Structures are given as C-alpha cells and as structure tokens.
Amino acid sequence: MQPTPVISVTVVTTPSNREFQGSSAMEKGMLFFIGFLLVSCLELAASEDYILYKDPEKPVSRRIKDLLNRMTLEEKIGQMVQIERTVASPEVLKKYFIGSVLSGGGSAPGPKASPEEWVDMVNKLQKGSLSTRLGIPIIYGIDAIHGHNTVYGATVFPHNVGIGATRDPELIKKIGAATALELRATGIPYTFAPCIAVCRDPRWGRCYESYSEDPAVVKAMTEIIPGLQGDIPANSRRGVPYVEPQTQKVAACAKHYIGDGGTVKGINANNTVVSNHVLRSIHLPAYRASINKGVATIMVSYSSLNGIKMHANRDLITGLLKKKLHFRGFVISDYMGIDFITYPSHANYTYSILAGISAGIDMVMVPLNYTEFINGLTFLVKNDFIPTARINDAVKRILRVKFTMGLFEKPLSDYNLAKHVGSQEHRELAREAVRKSLVLLKNGKSAKEPLLPLPKKASKVLVAGSHADNIGNQCGGWTIQWQGQSGNITIGTTILTAIKNTISSTTEVSFIESPNPEFLTSSNFTYAIVVVGEPPYSEGVGDSSNLTLPHTAYSTITNVCAAVKCVVVLITGRPVVIEPYLDSIHALVAAWLPGTEGQGVADVLFGDYGVSGKLPRTWFKNVDQLPMNAGDTNYDPLFPFGFGLAF
C-alpha cells in the first residue's frame, strides 16, 4: 500500500475573527473544497514520485511484479542477455537494456589491471544501465573458480581437485568468503562457480575443476556456496536464491548442469550415457544441496545426456530443476552454449534460440553477437513461437536475484575493499589449503625407512623439474588466462622459493631444471626434490587420451632418482601415468594444482605440518582401465580412492 501524506490543518479562532465565524455556509464550503483539492494534489504528487520496485522495504515478490508490469518486451528480452565486456559499452547497455556483462576467460580491462581499474570499468558500464528508463542494474559475472583468478595479484587457491583431497567443508567455506571479498574489491558481484561436476574419467580436461569422483565429497564441498553468498536464513523457502544483500558477498553459480563429468571417454562436451538411477545418485546430489543452500544461479552444461543436448533439455531444466527441485533462481547458458545445440554450431541460430529458451534457459551468455540474439528472440515471441509467459518467467528469476542481493540499492562500487585483493590473510588461508590438499602416496622404499619429512639441515640439496620455479605451472588453467600460462604470470611463492625459505641457511640448494646423469653422480647431493607435472590447460585443450606427462618430466625423474634419494612432487590436475616409475621413486606426493602459495608444499615436505590429504579420485595403473571409480567391478587401482599416507 502506498503511503498517504498526512496534512494537519489547525484553525485558531479568537474574539477578533468574529467576522470569519459569521461567514456564510457557501464560503465555508468553498474553503473545504480548496483544502480537499490541496490534499488530493499532494497525494497525487507523492504517488507519482513513489516507485514501488525501488522501495527496499517492500517484499521482493511485490517489487518484481511492479517492475515487470512496467517493462516493455524489448526491456524484458534485454534482461535475458549477457554480453562480453569487449563488446559492451554504456551506450550499448542503455540502447539494448542489457541485463548482464561478463569477463570471459582472461578478459580484463588491461594487463595487470589494478582493483581500482576493475572497479572503474564495472562502474562505467553500470552507469549506462542505470541511465535507462527503469534503471535496472546489470549483474557483472566472471569465472572466479579458484580465487579471483583473472585478476593480477589476487590470491589463487588450489583447484577443486586439491580441495576435495582436504575433505574439509569448513575450509572451502572460508575460501568462498575470501574469494567473494576479492571479487567485491574489484566491483564484481557474481562468479561462475562452483563447478560441482562429479568427474568419472580423468581424461576429461576439466577434471581438476571437480572436487571428486565421489558424489558425497562433491556434495560436502557445496559449503563454498554459503561462503560466497552468506548463510541462508533458517526460514527461507526451498529453492529461493539467497545472497546476503549489500555486503561483501556475491552470487554463486552451480555448474554445469548436469552430467558434465560423466561423458564418454572424458571428452569435453561429449555425450553422457547413464541410467536415471545413476543420474540421480551420482550427478544430482550436489545440485540438491546447492539449491537447499540458496544458490542464486545454475549454468547448463555443453554436454548431452543420453543423446539430448543439455541446453535443449526441457525435461531436466524445466521439469526436474525448476518444477521438482523448486529452483527459483535463474538458469544461465554456458559461453555460446545455445550455438552448440546444432551441428555445426550456429547452423540454425533461430532454432537454437527457440530450443534453449523453451527448455528453460533464462539468461543467455551470447556473448558477442547480441543483436542477432535479441532480434531472433523478439521475432519468436512476436510470432507466438515462444509465449510471453516464458519470457516473464525468465525475467522474474533474473530480477529476483538482483533484488535479493541488493543490486538496486547499491549498484556501484568504490575502492574501499581494494586492499583485500591478495591480502596476507587470504594468502595464509590458501597456504593452509595447500598443506591440507597434499596426498602422500609413497614414503620410502619401505615403511621402516621413510624419507619424509625431509631434514632442513643437509650439506647439499638438489631441486629439479619444470614446475619447481614456475608460478604459472603450479596454478594451472583458469589463471590470468583461460588456458593458464607458464611463467611468472602473477604474484605468489614458487615451490623453489618456499624450499629456500624453509631449509637451513647452512644448506646449499642447487636448482637445475633437467640435470644430466654425469652432473648428478658427481655432485654428492644429500637428497633431491623433483617437481614436475602437466603444462597449464583448460577445457577442450586439456582432454587427454593417454594422461602422460611431458617426456622431460619422466627423464628428470629417471635421472635424478637413479642417482639421489628423491621425493617427487606431482603438479597435476588429475592422476597421471606414474606406475612404471614408482619403484625408482623414494617418496611421492600429489600436490595437484596448488595455486600461488607454494609455501604450503614446503610446510609439509619439511615436517612443519603433518600430511593429511586423501585421494579425491582413484589413481589408475594404466589408461586402459579407464573409466574406473570406487565401487566398480574389477576395481584394481594403483592407489584407491581415499588413499593417503600420514606422518
């Protein structure tokens, strides 16, 4: 109900105003009429100034209804569009009423852009949206999947596979909160994370984005969602998105719905062939948990399920996700996701729009040719191929998230949080995560002769391998660039630096990336630390049919371990071929993709902290065994799921 202004009129009568008191009834009536007109005009003016959807005191449902009733078809369709920052401008956002902007992998306002530059970019775009007739703010999104990984100098946490090895939901919640704070410090309120895929085949190039092959572990790690968004209130309705409003929290995105980790041969965006029972018992539990925790958005997978493209799968998006699971946030496509509904991609874009929107996708990550999408969807609605009710449903969901998180009340950001990007507090948290993620697979030629922990005092120590002094390699994909990049690409502590920080000042440390046998036999090293692994990669490029390391990695292991007692530290996003070399290795540590805080590796190697990580996935003997997961018939791994030595 709109507030009515209360006007109090007091008439003071004294003996001197007898002339007024004796006025005619007509004069009194005229005075009353003028007063009535004055009150009516004030009420009308107040009514015109008051806009219900802008009132944060009103229920979200009423604000949505009020705003939706004011919107034209063009404004509604604009809300359903997400475009890349490289094609966005204030003018474009204003003209087309765009609802969202994203930074694709590696897309930044400039090389080594500061938090302040990020804030300026987002604010500039936001002001374009606020200048529209209705002033609906954009929601800016980015792939912050192991920290705010696109931003130079941000804290980069271990990738999800390493977090799965910790089995520590409280730790991942803290990581979520730290990531949210660094996002907000750059003006960004929305991350395309977490990935809650259950990777069932390590040949998949995104397997490191999965916490585990075990759905129970993945489900437990959805605790990152309240870390990112805030704890959902106890009285919240099931399925309603919750982001703590006007705070240092951000909207999360559970992805990729559904079955992305179960594709045939682990091929990215391939077909997942499963029974309904396997779908619901393996791939669905983490989505149920995410919805119960108030996740704001869910992203659809590129992959197919039993031959049906997920971006066109109405039964699973509308039928299961929205109706049966009561998800009331918005469903977003993947990058150009609807294009791949057809083969070849984009072969019939009008059909792709029809299929995707009809399936239940609410926001489309277009991301470049937005006018083609807007024109196509407008045509389909105006010609009754897509009902207005479907458009209204999509826009209601988008507005629900924007209202819930307080975007209308606080659409712009300032520089006050910039100090939190890469803060020491966050780096210490990442260092703790690295320590807890390490899995000790072998320790000594026998249990009676352990090599770890290493002595800090020794005459001469060798550090070798391509990943010992390379921050880019130890961070992996989705770091600064989409596919990642070797080299000193951001601020952090390499494992070599960490070793030098930890070891005794009297110990001589030699670093040679690929030492030759002659040098090794003549140098009389006390022990060696070999740090090798996979080169950085992300989706598509990272798919591997053989899961071998580069040849130089194996030759380094062979040469060093033949001459010196060696501990091999593997920097990989998944289990790799190691069985043929295992006998020659004295100690073996899986460090996954630890991120910027390599000091956590040295903390464990030298015994300042114990080792506690457990394998989040089965380690195979050879790739011919794949796919192989715990509970399978003929389960014969090199190291079983859950394995991990301790000291």
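Residues numbered from 1 in each chain as written. Predicted model: local features only at pLDDT ≥ 70, side-chain atom pairs only at ≥ 80, totals over all residues. Heavy atoms only, no water.

A.B. asks: Explain helix H16 (residues 388–404) to me, using residue names and the numbers behind them.
C.D. replies: With 17 residues, H16 extends 24 Å from end C-alpha to end C-alpha; this agrees with the ideal 24 Å at 1.5 Å per step. Along H16, 13 of the 17 residues are buried, which leaves the element largely enclosed by surrounding structure. A positive phi of about 80 degrees marks glycine 406, the residue just after H16. (Helix = DSSP H or I, 4+ residues; strand = E, 2+ residues; numbered from the N terminus. Expected span 1.5 Å × (residues − 1). Buried < 20%, exposed > 50% of the residue type's maximum accessible area, 1.4 Å probe, protein only.)

A.B. asks: Which residues make up the side chain of serine 301, and what values do they have?
C.D. replies: Within the secondary structure layout, serine 301 lies in the loop between strand E7 (297–300) and strand E8 (304–305). Contact partners of serine 301, with chain neighbours within four places excluded, come to His256, Tyr257, Ile258, Asp260, Met310 and His311. (Contact = heavy atoms within 4.5 Å.)

A.B. asks: Explain the pairing of strand E13 (residues 460–464) residue by residue, including any values.
C.D. replies: The buried fraction of E13 is high, at four of five residues. Relative to strand E14 (residues 508–511), E13 runs parallel, the two sharing four bridges. The residue bridging valine 463 from the neighbouring strand is phenylalanine 511, located in E14. Across four bridges, the pairing between E13 and strand E15 (residues 527–533) is parallel. Within E15, the residue paired with valine 463 across the bridge is isoleucine 529. (Pairing = 2+ DSSP bridges.)

A.B. asks: For the state of the cysteines, give the residues involved together with the corresponding values.
C.D. replies: Scanning the model with the defined rule gives two disulfides in all. Note that cysteine 199 is cross-linked by a disulfide to cysteine 207, the S-S spacing being 2.1 Å. For the disulfide bridge between cysteine 199 and cysteine 207, the dihedral angle about the S-S bond is near -110 degrees, and by the sign convention the bridge is left-handed. A single burial state applies to cysteine 199 and to cysteine 207, both of which are buried. Each sulfur of the disulfide joining cysteine 561 and cysteine 566 lies 2.0 Å from the other. Every disulfide takes its handedness from the sign of the S-S torsion; for cysteine 561 and cysteine 566 that torsion is 105 degrees, giving right-handed. (Disulfide = S-S within 2.5 Å.)

A.B. asks: Got a sec to walk through the environment of proline 411? Specific residues and values, please.
C.D. replies: Mapped onto the secondary structure, proline 411 falls in the loop between H16 and helix H17 (424–437). In this structure the C-alpha to C-alpha distance between proline 411 and serine 129, which are 282 residues apart in sequence, comes to 9.8 Å. Filtering out sequence-adjacent residues up to four positions away, proline 411 remains in contact with Gln126, Leu130 and Pro137.

A.B. asks: Quick one: what's the story with the sheet that holds strand E5 (residues 253–257), residue by residue and with numbers?
C.D. replies: Strand order in the open sheet formed by three strands is E5-E7-E10, and the pairing between neighbours is parallel. Every other strand in the sheet has two partners, leaving E5 and strand E10 (330–332) as the edge strands with one partner each. For this sheet, the mean inter-axis angle between neighbouring strands, taken without regard to orientation, is 25 degrees. Strands E5 and E7 of the sheet are contacted by helix H12 (residues 285–292), whose axis makes an angle of about 155 degrees with E5. (Axes fitted to C-alpha atoms, helices over the stretch in contact; angles between N-to-C directions.)

A.B. asks: Lay out helix H3 (residues 60–70) in plain terms, naming residues and giving numbers.
C.D. replies: What H3 keeps buried is the set Arg63, Ile64, Asp66, Leu67 and Leu68. In this structure, the buried residues of H3 make contact with helix H4 (73–79) and H16.

A.B. asks: How would you summarise the packing of aromatic side chains if you had to cite specific residues and measurements?
C.D. replies: Inspection of the entire model under this criterion finds 13 aromatic pairs. Arranged with centres 5.2 Å apart and planes meeting at 85 degrees, the rings of tyrosine 257 and tyrosine 287 form a pair that is edge-to-face. Of this pair, tyrosine 257 sits in strand E5 while tyrosine 287 sits in helix H12, and the two are 30 residues apart along the sequence. Just as tyrosine 257 is buried, tyrosine 287 falls in that class too. Pairing phenylalanine 639 with phenylalanine 643 gives two aromatic rings, centres 5.3 Å apart and planes at 25 degrees, and the pair type is stacked. On the accessibility criterion, phenylalanine 643 (25% relative accessible area) is partly exposed. The aromatic ring of tyrosine 609 is capped on one face by arginine 435, whose charged end is 3.7 Å from the ring centroid. (Phe/Tyr/Trp six-rings, centres within 6.5 Å; stacked < 30°, edge-to-face > 60°. Lys NZ or Arg CZ within 6 Å of the ring centre and 35° of its normal.)

A.B. asks: Please give an account of a positive patch on the surface that cites residues and values.
C.D. replies: On the surface, a cluster of positive charge is contributed by Arg238, Arg280, Arg288 and Lys324. One can find arginine 288 in helix H12. (Patch = residues over 30% accessible without salt bridge, like charges linked within 9 Å, V, L, I, M, F, W, Y side chains within 5 Å. Areas by Shrake-Rupley, 256 points an atom, 1.4 Å probe, with all protein chains shown as cover. Salt bridge = Lys/Arg side-chain N within 4 Å of Asp/Glu carboxyl O. Lys, Arg positive; Asp, Glu negative; His and termini not counted. Charge placed at Lys NZ, Arg CZ, Asp CG, Glu CD.)

The analysis is restricted to geometry; functional conclusions fall outside its scope.
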